[in-house]
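Remarks on the overall topology
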Amino acid sequence: MHKLILFIKTYEPDFERVYKLLDSIDKFNKDNIPVFISVNDEHFDRLKLDCFEKYKVYKDSEITKTTITEGWRYQQIIKSNVYKLNICENYVSLDSDSIFIKDFYFSDFMYDDKTPYTVMQESKDLLEMSERVGIDSDTVFFKRALRDTRPFFGNTGKEWDFGPSPYIWNCTVWQHFNDVFLKDLNLTFDDFFAKIDQKSYSPSEYAIYGEYLLKTRLIDILPIGSLFKVYHYEKQFAIEEKQLTIKQLSKIYLGIIYQSNWQKKKKKWFLF
């Protein structure tokens, strides 16, 4: 079993992006951390042949089954159940719109052989940027998701952002959440998502993971900030794009994310 893997959930509309992500992994993955990919069943055979030759590729149904079909909720379910494959102790969950910009190592994600870092921060830079572009910082996604999720676990204190992507997740935490917490409530993962949905529209796998980890302390919590520079908003990119070069950003971050919900409209890539 691997101590750590890189895990990418993708589907055909994001294949162009995932190929660029994979190219960046091939270039910068200095410790040869194993790469695993999951693809929607109906798109599985459309992935480039060399992906099957270079990486381990799964159909989503090989990981878990879900009744949830809406895309952004569906992919959260798949990513949260990687532990069922029994292939790793920890995994870095990467989105297709990510790209590495510098050499990275096992030690960027793991404190030691047993303990992963946990992305856990107040994200004041995101809150500030939200206000700059005319978005109420009290309504940003991570805060809505946290407020909807936290009551199930009874946690109090600061409103933590357990993102942004990439996330570093421990399989024991996800397994315990399913096999103990949900079992005691007689709920499936889908049921739990639906309960959060009844409160608002913002179930979030990273809020569930983070809040459950806070509740249980199943592993030591060693907080770190964002692994990647994330351009959350198109207006943010317009403000910041000429302020720092990729070389400068690479002193701070392992990679960059251009959120695909607005970047797709551009029909171009800003890197490579």
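Before going into details, it helps to say that this report is about the structure given with it. Predicted model only: the values in this text are computed from it and were never measured. (Residues numbered from 1 in each chain as written. Predicted model: local features only at pLDDT ≥ 70, side-chain atom pairs only at ≥ 80, totals over all residues. Heavy atoms only, no water.)

Okay, the packing of aromatic side chains next. Evaluated as defined, the whole model comprises 29 aromatic pairs. We note Lys59 situated over the ring of Phe44; from NZ or CZ to the ring centre the distance is 5.4 Å. Over the face of the ring belonging to Tyr231 we find Lys229, whose NZ or CZ atom lies 5.3 Å from the ring centre. (Phe/Tyr/Trp six-rings, centres within 6.5 Å; stacked < 30°, edge-to-face > 60°. Lys NZ or Arg CZ within 6 Å of the ring centre and 35° of its normal.)

Quick look at the packing of helix H7 (residues 171–185) against helix H9 (residues 205–216) now. Packing of H7 against H9 brings their axes to within 10 Å, and their N-to-C directions diverge by 80°. The angle between H7 and H9 falls in the class roughly perpendicular. Contacts from Val173, Trp174, His176, Phe177, Val180 and Phe181 in H7 reach Glu205, Ile208, Tyr209, Tyr212, Leu213 and Lys215 in H9. Per-class residue counts for the contact of H7 with H9 are 9 nonpolar, 1 polar and 2 charged. (Axes fitted to C-alpha atoms, helices over the stretch in contact; angles between N-to-C directions. Helix = DSSP H or I, 4+ residues; strand = E, 2+ residues; numbered from the N terminus. Parallel < 35°, antiparallel > 145°, perpendicular 65-115°, else oblique. Contact = heavy atoms within 4.5 Å. Nonpolar A, V, L, I, M, F, W, Y, C, P; charged D, E, K, R; others polar.)

Membership of the largest hydrophobic core comes to 46 residues, with the highest contact counts inside it found for Tyr91, Trp174, Phe177, Phe192 and Ile208. Going through the elements one at a time, strand S1 (5–10), helix H4 (71–80), helix H5 (124–132), helix H6 (141–149), strand S7 (167–170), H7, helix H8 (189–199) and H9 are the ones with two or more residues in this core. Setting aside chain neighbours within four positions, we find Tyr91 in contact with Leu4, Ile5, Phe7, Lys79, Ser80, Asn81, Val82, Tyr167, Ile168, Trp169, Cys171 and Trp174. Counting 33 residues, the second largest nonpolar core, distinct from the first, contains Leu4, Tyr55, Val119 and Leu254. (Core = buried A, V, L, I, M, F, W, Y, C linked by side-chain atoms within 4.5 Å. Buried < 20%, exposed > 50% of the residue type's maximum accessible area, 1.4 Å probe, protein only.)

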